[in-house]
Structures are given as C-alpha cells and as structure tokens.
Amino acid sequence: GTPATVSPTGVATGAPPISKAQQGDFLTTSTGTRLRDTDHSLKAGPRGPVLLQDHHFREKMTHFDHERIPERVVHARGTGAHGYFIGYGTAADVTRAAFLAKDVRTEVFVRFSTVLGSRGSADTVRDTRGFATKFYTEEGNFDLVGNNIPVFFIQDAIKFPDVIHAGKPHPDREIPQAQSAHDTFWDFVSLHTEAQHHTMWNMSDRGIPRSYRMMEGFGVHTFRLVNAAGDTALVKFHWKPKLGVHSLTWEEAQLIAGVDPDYHRRDLYDAIEAGAFPEWELGLQVFPDTPDETFAGVDLLDPTKIVPEELAPVQPVGRMVLDRTPTNFFAEVEQSAFHLGHLPPGIDVTNDPLLQGRLFSYVDTQITRLAGPNFNQIPVNRPHAPVNDMLRDGFHQQAVHGGVAPYRPNSLDGGNPFTAGADQAAFADLPVTVTEAPKVRASPASFADHYSQVRLFWLSMTPVEREHIINAYTFELSRCYHQEIRERQLQCLANIDPVLCAEVAAGLGLPTPEATEPVADVAPSPALSQVGQAWPPD
Ligand code: HEM
C-alpha cells in the first residue's frame, strides 16, 4: 500500500499556490481562461438584453453575491497582526510546553476585538476587548483566547447566550451597540449578581482602552500545567504591555467614535507600519495544584474572581512582538478561528464550568461561520507543525489525501504504525480524579460570593479612577429607562461600597439604599490600578 502523504500544511502537495496578488499580464476567469473585456456584458446588440450565456458576467456577479460570510456571533469587530514569541525558559519548572523553552521563537497571530458591536461598529465604545493569540508552535497550535479584563460576567457557560442576549441590541429597535442606554444589560447584571465584578471593570477606565497596544490580556480561567516530570500546577495567563496600560477618557472615546470609528484598528496598523512594534510579556501566576483548587481563599475555578498579584506575582515566561500587518484582512483576520482546546503538551484545562462550555462553543459556531468543518485548512489557521490526521472530506476540503486506510492501527497504509500511548511527545490527558458526586445542576458554595472582589477592585482605585467609575455608572444608568432596574443596580452598589452607591444615587436623583449584606472586609490590591503602573515592576 501507499503511505498516506499529506504536506505539513495538510494540503495536497503538487497543487500550484493560489496567486497572492492575483495580478499578472492577463485577466482570466477563475478557471484560467484569458478574458478580453470585463466592462461590457454580452448582449443581443449594443442596446439589447443581456444573454444568459455570458459566463464571465454570471461568474463575476455570482461570486460577488456570495462575498459576505456571517460575522462572529460575538467579537465581530476586530483587527489583527502577525508577529513572534520568544520563550525565556523560565517556565520549565511548571510546564513541558516546548514553545516556552529558552530562546525558542514561535510565529504568532493576534486578533483584538470588541465584544458586542457588529463588524462595522466603532472601536472606542465602552466594552470588554478580546485578545486572542494563536501560537504556531512546533507541537501544534496553542490558542490563548483571552480578554483585557481578568474576570467574566458569568460562572457557568450555560448562561452565555443569556448574557449576550442582554448585551446585544434590543430585539425591537436594534439599538444600541454597546452597554450605554441598555435596559436589558442592567437588568441582567443586577439580577445575575456574579456579573457585578466584570461590570465594574467595564465601568472603569479599562472599558475604554487608548490602544490595543496598551492593554493587558488575561486568559481569565485557571489552566493546569504539567512539567517534564509529570508534576502539575494551576496557572493563570497574563499579557503585560510594554507600553503600560492606558485608557481614553469618556469624552475622548465619544469624540473619537464619531471622528474616527476605526481608531484602534488604524493605531495598530500605523504603529506596526512605522516600525513601532507593540510588545507584551507573557506571565504566569502559578498556584499549587491542591485538591480544593483554591488559593488564598479564592476558588480558582470561579472565573469571576482574580488572585491579587500581591499574593501571587506574575512571573514573566516570554515576550511577544507584533511586527507584520495583514496583507488581506478577510483571509487573515476574518477567517481566523480560535479555540481553547488547541493546547500543546504541557498545558491542559480545568473544570472551570465557563471554560468547559467554551470548549464546545467555538468549533460549533465556526462550522457555521466558516461553512463546514475544514476551517483549520485556511492559511491563517493552519498549524506550522506537520498534520497527519484522519479527518476526511467535508465542505471546502483542500487536501487530496493519499492512502486508503484513515484509521489506526491499519495494515494497508504501511509505514504508519500507530500504537495508542506509545508517543511520549504526544499530548497526554492528565489523569485528574473526577470526584464521586451526584449529577446536579448546581455551583459550589464558594461561587456565591458576588461582592467582595468588586469591593476589592473599587478600593484599589486611585481617586481619579474612582471618579471615572462613578461617572460611568451614573451616565449608563441614567440611560436606563426602567426605574426598577436602576434601583436594583443601586442596591448592588450598596453591597459593594456605600460611598460609590451614594454618589451614583445622587447623580441619578434617587435615594441611597442600605446594603442587604455586610460589605466585605478586603485589602486593596495596588496592582489593579492602572495609574502609575509600570511593567516590569520595580
Ligand atoms: C469569540 C463563545 C467566554 C474571549 C467567541 C465566539 C464565540 C464565543 C461563539 C465567536 C468565535 C468565532 O466566531 O470564531 C464564548 C462562550 C463563552 C465565552 C460560550 C463563555 C461560556 C469568553 C471568555 C473570554 C472570551 C471568558 C476571555 C477569556 C473571546 C475572544 C473571542 C471570542 C477573544 C474572539 C476570537 C477572535 O478574535 O476570533 N466567544 N465565549 N470568550 N471569545 Fe468567547
């Protein structure tokens, strides 16, 4: 038998590459026939009707008619850049991932985005920003699909459709694009109070970054690492921007959204073209892999909680430089597809219920968005590691697979023996113990604390940052038309901090409610303030 031969890109060898520039001396049809005229349709006489036989007209028009693909269901608005990552070798104690070894250089692609706006929406709205990185490692792709805010609105993925329905434009009027003037958003976050932490980050200056180059990035979830000896550790991923964290003021953001809605997109492109390559350091907060998966009283499986950096310092493990802009936005940015399950050996998931649900959602949506199951063959998604899978056929299949036996082991495609478990370099699922527990639709008791870390964030802010937060809540809630929703959100603020609550209530002309639970006794975390922060820290 003939061994299966697949090129490293997963695409059949021998086919000539599709012209990048699609330029040349001759204009042709999509099948290579040279054309004489592309400006006149074929007619029955110069004044006559157009003939159905005009293949060139029909091909040109049909293709145009199908140029659009669905935008992402969330994070539709974004931009991207290529670059590289260099490992420091400082993570060897905790992970065997090869791309983190000293001086290993790995190509990367990053897509930055807003969450709620549609593809053509303005860049400087108040929103969370996506920060998705694809590392084309020699052990396969690693997608770190993060945000610029270290916590999330919900603790269980099953609520994701709900929180997005509440945040997207109202179904009747299709306004607005972001969180301002939004009754459903405030209704959701005041009823599902675990969302209060993420919401305060949105109301802070972090919700209106000055530039994608000046944002932190967070993996949010806790991941599990495994080193060469098989020891495991729990970890949170952080990106620290070399330029520091900077924001716009609300007034600047509003003006820019009108004058230059492409502001962040332009800023990234212009900086890279000018040679001012943005840079981030990748850092790890490492925690012991204890049975309760808790550190300093924080349940590490709860994605609405951070671990203050004062308690678990961020340890630098490598740096990323973005030095190349896309040549074609559609091919590189729109067609990029990230997934949390793209993990190299040495990095694994945890039982965080938000993370677990994301593992399902991304591929599922991409099958619709990119029309079929073969989107990992699209150039921007192809790994730089060799591919030898048993996936066959399907819409938009680009590979011409050799061999006759896409199953392992087999006795027909000789030279490709496969013994389960024999490849020591392969990704190995960690034999994490799953506790004997009844099947339930429930959360752990530790997920019930929805206010203490919101207070921690508030107490960590400088006076000017607090003023911005008060103004943001006041402005946004003043655009909320339902009195009961405003009052319910004020009630949440009362449980966070009495001063914050009183200021916002005064701004809204409403009475200040009493807290319904004792305000938490927490110490501020100076690292949460973006004022006067430098990276690396002194
Ligand atoms: C994009 C689902 C939580 C970061 C998306 C997309 C879906 C999705 C369906 C569109 C993907 C595509 O069309 O290719 C979910 C679900 C979540 C969740 C179900 C929770 C249960 C999060 C969290 C983060 C995050 C916690 C950050 C840590 C992103 C980013 C993108 C994205 C950055 C844009 C990726 C790109 O640039 O193409 N998400 N998401 N998501 N999500 Fe999530």
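Residues numbered from 1 in each chain as written. Predicted model: local features only at pLDDT ≥ 70, side-chain atom pairs only at ≥ 80, totals over all residues.

**Here's the deal with the overall build of the protein**
- When helices and strands are tallied, the protein shows twelve helices and twelve strands.
- For 538 residues, the compact-globule formula gives about 24 Å, and the C-alpha radius of gyration of the protein, at 26 Å, lands near that figure.
- Summarising its shape, the C-alpha atoms of the protein cover approximately 75 × 70 × 50 Å along the three principal directions.
- Considering the protein as a whole, with its 538 residues, one finds that 39% of them fall into the buried category.
- Look at the contacts in the protein between residues 6 or more apart in sequence, and 73% of them connect residues 24 or more apart. (Helix = DSSP H or I, 4+ residues; strand = E, 2+ residues; numbered from the N terminus. Rg over C-alpha atoms; globule rule 2.2 N^0.38 Å. Buried ≥ 20, exposed ≤ 12 C-beta atoms within 10 Å, placed from the backbone. Contact = placed C-beta atoms within 7 Å.)

**Some remarks on the pairing of strand β8 (residues 279-288)**
- Here β8 lies mainly inside the structure; seven of its ten residues are buried.
- Both strand β7 (residues 232-241) and β8 contribute to a ladder of nine bridges, which runs antiparallel. Bridge pairing links Ala 233 to Pro 288 in β8. (Pairing = 2+ DSSP bridges.)

**Let's talk about the site of the ligand**
- Taken together, the neighbourhood of the ligand is formed by 27 residues, with His 75, Arg 111, Gly 130, Ala 157 and Val 220 sitting nearest.
- Examining the composition of the shell around the ligand, we find that eight residues originate from one element, helix α8 (residues 353-369), more than from any other.
- Residues of the shell around the ligand, tallied by class, amount to twelve nonpolar, eleven polar and four charged. (Near = placed C-beta within 6 Å. Nonpolar A, V, L, I, M, F, W, Y, C, P; charged D, E, K, R; others polar.)

**Some points on the UniProt feature "binding site: heme" (unreviewed entry) in the protein**
- On the UniProt side, "binding site: heme" (unreviewed entry) is annotated at positions that read Arg 72, Arg 111, Phe 160, Arg 358, Tyr 362 and Arg 369 here.
- Within the secondary structure layout, Arg 72 lies in the loop between α1 (55-65) and β1 (78-87).
- Looking at the element boundaries, Arg 369 is found in helix α8.
- Residue classification places Arg 369 among the partly exposed residues on the basis of 18 C-beta atoms within 10 Å.
- Non-local contacts of Arg 369, meaning those with residues more than four positions away in its chain, are made with Ile 69, Pro 70 and Arg 72. (UniProt positions renumbered as here; feature names shortened; annotations may be inferred.)

**Focus: the nonpolar core**
- Counting 94 residues, the largest nonpolar core has Val 235, Leu 493 and Val 504 as the members making the most contacts within it.
- The leading source of residues in this core is helix α11 (residues 483-496), at six residues.
- The next biggest cluster of nonpolar side chains, apart from the first, holds six residues, and it includes Val 125, Leu 248, Ala 253 and Ala 257. (Core = buried A, V, L, I, M, F, W, Y, C linked by C-beta atoms within 7 Å.)

**Structural notes on the packing of α11 against helix α12 (residues 498-508)**
- Axis separation between α11 and α12 bottoms out at 6 Å; the angle between their running directions is 155 degrees. Taken as axis vectors, α11 and α12 run roughly antiparallel relative to one another. Contact with α11, carried on its side by Arg 486, Leu 490, Leu 493, Ala 494 and Ile 496, involves Pro 498, Leu 500, Cys 501, Val 504, Ala 505 and Leu 508 of α12 and no other residues of that element.
- Tallied by class, the residues present in the contact of α11 with α12 amount to ten nonpolar, no polar and one charged. (Axes fitted to C-alpha atoms, helices over the stretch in contact; angles between N-to-C directions. Parallel < 35°, antiparallel > 145°, perpendicular 65-115°, else oblique.)

**Points about the UniProt feature "active site" (unreviewed entry) in the protein**
- This chain's UniProt record puts "active site" (unreviewed entry) on His 75 and Asn 147. Spatially, the listed residues are clustered: although they cover 73 residues, their C-alpha atoms lie within 10.5 Å of one another.
- What His 75 contacts, discounting residues up to four positions off in sequence, is Ser 113, Val 115 and Gly 130.
- Topologically, Asn 147 is positioned in strand β4 (residues 140-147).

**Notes on unusual backbone geometry**
- For the bond from Arg 408 to Pro 409, the omega torsion is -10 degrees, close enough to zero to count as cis.
- A positive phi angle is found at Val 220, which is not glycine, with a value near 65 degrees.
- By the element assignment, Val 220 lies in the loop between β5 (217-218) and β6 (223-226).
- Despite not being glycine, Asp 393 shows a phi value in the positive range, around 65 degrees.
- As for its position among the elements, Asp 393 is in the loop between α8 and α9 (452-459).
- For Asp 393, a count of 11 C-beta atoms within 10 Å translates into the label exposed.

**Describing the packing of helix α2 (residues 160-167) against helix α3 (residues 183-191)**
- In contact at an axis separation of 7 Å, α2 and α3 are set at 145 degrees when each is read in the N-to-C sense. Side by side, α2 and α3 meet where Asp 162, Val 163, Ala 166 and Gly 167 of the first sit next to Thr 184, Phe 185, Asp 187 and Phe 188 of the second.
- Tallied by class, residues from the contact of α2 with α3 come to four nonpolar, two polar and two charged.

**Concerning the pairing of β7**
- Of all the ten residues making up β7, eight are buried; the element is thus mostly covered by neighbouring parts of the structure.
- One ladder, built from two bridges, connects β5 with β7; its direction is antiparallel. Its bridge partner being in β7, Gly 217 is matched across the sheet by Trp 239.
- Note: β6 against β7, four bridges, orientation antiparallel. By the bridge assignment for β7, Arg 224 is matched with Leu 234.
- Linking two consecutive strands that pair antiparallel, namely β6 and β7, is a turn of five residues; a positive phi of about 90 degrees is found at Gly 230 within it.

**Section: the environment of His 221**
- If you trace the backbone, His 221 turns up in the loop between β5 and β6.
- Here His 221 falls in the buried class, since 24 other C-beta atoms lie within 10 Å of it.
- Between the C-alpha atom of His 221 and that of Asn 351, which follows or precedes it by 130 residues, the distance is 9.6 Å.
- Not counting residues within four places of it along the chain, the set of residues in contact with His 221 comprises Pro 303, Thr 350, Asp 352, Leu 354 and Leu 355.

**A short note on the environment of Trp 186**
- Mapped onto the elements, Trp 186 comes out in helix α3.
- For the pair formed by Trp 186 and Ala 296, sequence separation is 110 residues and the distance between their alpha carbons is 31 Å.
- Contacts of Trp 186, omitting those with residues within four sequence positions, involve Leu 477, Cys 480, Ile 485 and Gln 489.

**Overview of the confidence of the model for the protein**
- Of all residues in the protein, 93% have pLDDT values of 70 or greater, and the mean over the chain is 93.
- Segment residues 1-15 is flagged for pLDDT under 50; beyond a separation of four residues in sequence, or across chains, it makes 35 contacts in the model.
- Scored as a complex, the prediction yields pTM 0.95 and ipTM 0.95. (pLDDT = per-residue confidence, 0-100.)

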